[in-house]
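Residue-level structure breakdown
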Amino acid sequence: MKTIYSAIQPSGIMTLGNYIGAVNNWRAMQSDEDNKCIFALADLHTITVRQNPLEFNKNCWSFYALLLAVGLDVKKSVVYLQSHVAQHSELAWLLNCYTYVGEMNRMTQFKDKSAKHADNINMGLMDYPVLMAADILLYDTDLVPVGYDQLQHIEITRDIALRVNNLYGDIFKVPEGFIPKVGAKIMSLQDPTSKMSKSDPNPNAVISCLDAPEVIMKKFKRAVTDSDATIAYDPENKAGISNLLGILAVVEGKTIEQTVAECSGMRYGDLKVRVGESVIETLRPFREEYERLINSKDYLIACAKEGAQKAAEIAEKTLKRFKSAIGYII
Ligand code: ATP
Ligand code: LTN
């Protein structure tokens, strides 16, 4: 049995990048009987950037409903809110004392986000990877399915786990990242050299999993490509077209080679329409199920509560193991 753990922040909107790079794989891993899957809304991480309380609350509901709508099954997997399981904060504190300031200073995301939010470089922003390490290590995780941008955080999680194990014996399982071969970094539709990001202020750059079909089509038709007219997969020199091919391959469940073979010879405009149509059909059932779930708050509350109980049971065991090794009276 392998334990799979991952999380997503309830901030902004869930993008096609989040779906392809992360959530789509969570669902695939959940359907393997040999996997025990645990998925969280990383709502403690979200307040490292200042949130409007009403909007934040709405986003938490919305992301939880959307996780279920895309197919996370609460009967098979544990799906919960990080803030409902106090062990995350407690382990993060303990791990802080086994993490060096220099290590956190070097984190790419910390540097990027500090530059972006220069008026609010809070301790949480710097400590973000330690909380993430706590999330992962609490569940004796084997594999962490994430997009490419999170790889550095998985590395530091492994470093912290090994450091603790060297001091106290076998306390933590040392996890591995799981990065998809295609789709680990879906690019912005307006600037295909940068990542499609939830927090992009330009709505044309980003597909939301809840966008209406006509909006999705419009955004793909406007996607930035290049002036050459050949369809080829070459992320370095043909970033826009390669991004479209990558998206198409994942949503149609094909390899890049198959997709390129099918599309070679197409005009750019036709490729854009083909990608738009496939993405619309992929997202359509999610949007419909989301509309149903977001109006079933009692059901969502019951699911979240059950998820948190199951998560806390596992988390408490790991936390006690570590505290006892440090010397705490437990
Ligand atoms: P922001 O850009 O505002 O920091 P985000 O879009 O990266 O947010 P997160 O909540 O940080 O969203 O990421 C959730 C998951 O989605 C992570 O596993 C991350 O690696 C993955 N992910 C995010 N954007 C992409 C992308 N463009 N392509 C592939 N995977 C992505
Ligand atoms: N930092 C992650 C979200 C996250 C996460 C985790 C992912 C928080 N805790 C544990 C995997 C495992 C991000 O996607 N930005």
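See the structure shown above.
Described in the following lines is the structure provided in the data block.

About the criteria used
Residues numbered from 1 in each chain as written. Chains lettered and ligands numbered in written order. Predicted model: local features only at pLDDT ≥ 70, side-chain atom pairs only at ≥ 80, totals over all residues. Heavy atoms only, no water. Helix = DSSP H or I, 4+ residues; strand = E, 2+ residues; numbered from the N terminus. Rg over C-alpha atoms; globule rule 2.2 N^0.38 Å. Buried < 20%, exposed > 50% of the residue type's maximum accessible area, 1.4 Å probe, protein only. Contact = heavy atoms within 4.5 Å. Areas by Shrake-Rupley, 256 points an atom, 1.4 Å probe, with all protein chains shown as cover. Lys, Arg positive; Asp, Glu negative; His and termini not counted. Charge placed at Lys NZ, Arg CZ, Asp CG, Glu CD. Polar contact = N/O pair within 3.5 Å; in protein donor to acceptor, adjacent residues only side chain to side chain. Core = buried A, V, L, I, M, F, W, Y, C linked by side-chain atoms within 4.5 Å. Near = heavy atom within 4 Å. Nonpolar A, V, L, I, M, F, W, Y, C, P; charged D, E, K, R; others polar. Axes fitted to C-alpha atoms, helices over the stretch in contact; angles between N-to-C directions. Parallel < 35°, antiparallel > 145°, perpendicular 65-115°, else oblique. Left-handed = near helix turned anticlockwise from the far one by under 90°. Salt bridge = Lys/Arg side-chain N within 4 Å of Asp/Glu carboxyl O.

Each helix and strand counted, the protein chain has 13 helices and 5 strands in total. For 330 residues, the compact-globule formula gives about 20 Å, and the C-alpha radius of gyration of the protein chain, at 20 Å, lands near that figure. Across its three principal axes, the protein chain shows a C-alpha extent of roughly 70 × 45 × 40 Å. Residues classed as buried in the protein chain amount to 52% of the 330 residues present. Considering only contacts within the protein chain whose residues lie at least 6 apart along the sequence, 74% involve residues at least 24 apart. Put simply, the protein chain shows about 15,500 Å² of open surface, and 52% of that area lies on carbon and sulfur atoms. The distance from the centre of the 37 positive side-chain charges to the centre of the 40 negative ones in the protein chain is 2 Å.

This part is about unusual backbone geometry. Notably, Asp 140 is not glycine yet its phi reads approximately 50°, a positive angle. Checked against the element boundaries, Asp 140 lands in the loop between helix H7 (123–137) and strand E4 (143–145). When its relative accessible area of 25% is taken as the criterion, Asp 140 is described as partly exposed.

One can find Ser 242 in helix H10 (residues 239–251). For Ser 242, the side chain forms a polar contact with the main-chain nitrogen of Asp 234, separated by 2.8 Å. Looking at Ser 242, its side chain comes within polar contact range of the main-chain oxygen of Lys 238, at 2.7 Å. Aside from chain neighbours lying at most four places away, what touches Ser 242 is Ala 232, Tyr 233, Asp 234 and Pro 235.

Right, let's get into the nonpolar core. If you look at the biggest cluster of nonpolar residues, it comprises 62 residues, and the most contacted ones within it are Leu 16, Val 23, Tyr 64, Leu 67, Phe 220, Leu 271 and Val 279. Sorting elements by how many residues they give to this core places helix H12 (residues 268–294) first, with 10 residues. Excluding anything up to four places from it in sequence, Leu 67 contacts Ile 8, Met 14, Val 23, Trp 26, Leu 41, Leu 72 and Val 79. Among the nonpolar cores identified, the runner-up in size contains 40 residues, and Tyr 98, Tyr 139, Ile 171 and Ala 311 belong to it.

A few words now on the environment of Ser 62. One can find Ser 62 in helix H3 (residues 53–69). Using a relative accessible area of 14% as the deciding quantity, one classes Ser 62 as buried. Distance in space between the C-alpha atoms of Ser 62 and Met 14 is 9.2 Å, their sequence separation being 48 residues.

To continue, consider the site of ligand 2. Surrounding ligand 2, one finds 13 residues, the nearest of these being His 45, Tyr 128, Met 132, Asp 135 and Gln 150. With respect to ligand 2, the side chain of Tyr 128 contributes an N or O atom lying 2.6 Å from a nitrogen atom. When the free accessible area of ligand 2 is taken as 370 Å², the share hidden by the protein chains comes to 91%. Ranked by residues supplied to the shell around ligand 2, first place goes to H7 with 4 residues. Its residues assigned to classes, the shell around ligand 2 shows 8 nonpolar, 4 polar and 1 charged.

Taken together, the neighbourhood of ligand 1 is formed by 20 residues, with Asp 149, Ile 186, Lys 195, Ser 197 and Lys 198 sitting nearest. With respect to ligand 1, the backbone of Gln 9 contributes an N or O atom lying 3.3 Å from an oxygen atom. Contact between ligand 1 and Asn 18: an oxygen atom at 3.1 Å from a side-chain N or O atom of the residue. Within the complex, the protein chains bury 95% of what would otherwise be the 600 Å² of accessible surface of ligand 1. Ranked by residues supplied to the shell around ligand 1, first place goes to helix H1 (residues 16–30) with 4 residues.

This brings us to the packing of H1 against H10. Closest axis-to-axis distance for the H1/H10 pair is 11 Å, and the angle between their directions is 50°. Compared by their axis directions, H1 and H10 come out oblique. As H1 packs across H10, the resulting crossing turns out to be left-handed. Between H1 and H10, the contacting residues are Leu 16, Ile 20 and Asn 24 on the first element and Ile 247, Val 250 and Val 251 on the second. Partitioned by chemical class, the residues of the contact of H1 with H10 number 5 nonpolar, 1 polar and no charged.

A word on the pattern of salt bridges. Summed over all chains, the structure comprises 17 salt bridges. For Lys 238, the salt bridge goes to Asp 226, with nearest N and O atoms at 3.3 Å. Of this pair, Lys 238 sits in the loop between helix H9 (213–221) and H10 while Asp 226 is found in the loop between H9 and H10, placing the two residues 12 residues apart along the sequence. Given the relative accessible area of 8%, Lys 238 is considered buried. In this structure Asp 226 comes out as partly exposed when scored by relative accessible area, which is 25%. Across the pair Glu 252 and Lys 254 runs a salt bridge whose closest N-O atoms are separated by 3.2 Å. Its relative accessible area of 24% is what places Glu 252 among the partly exposed residues.

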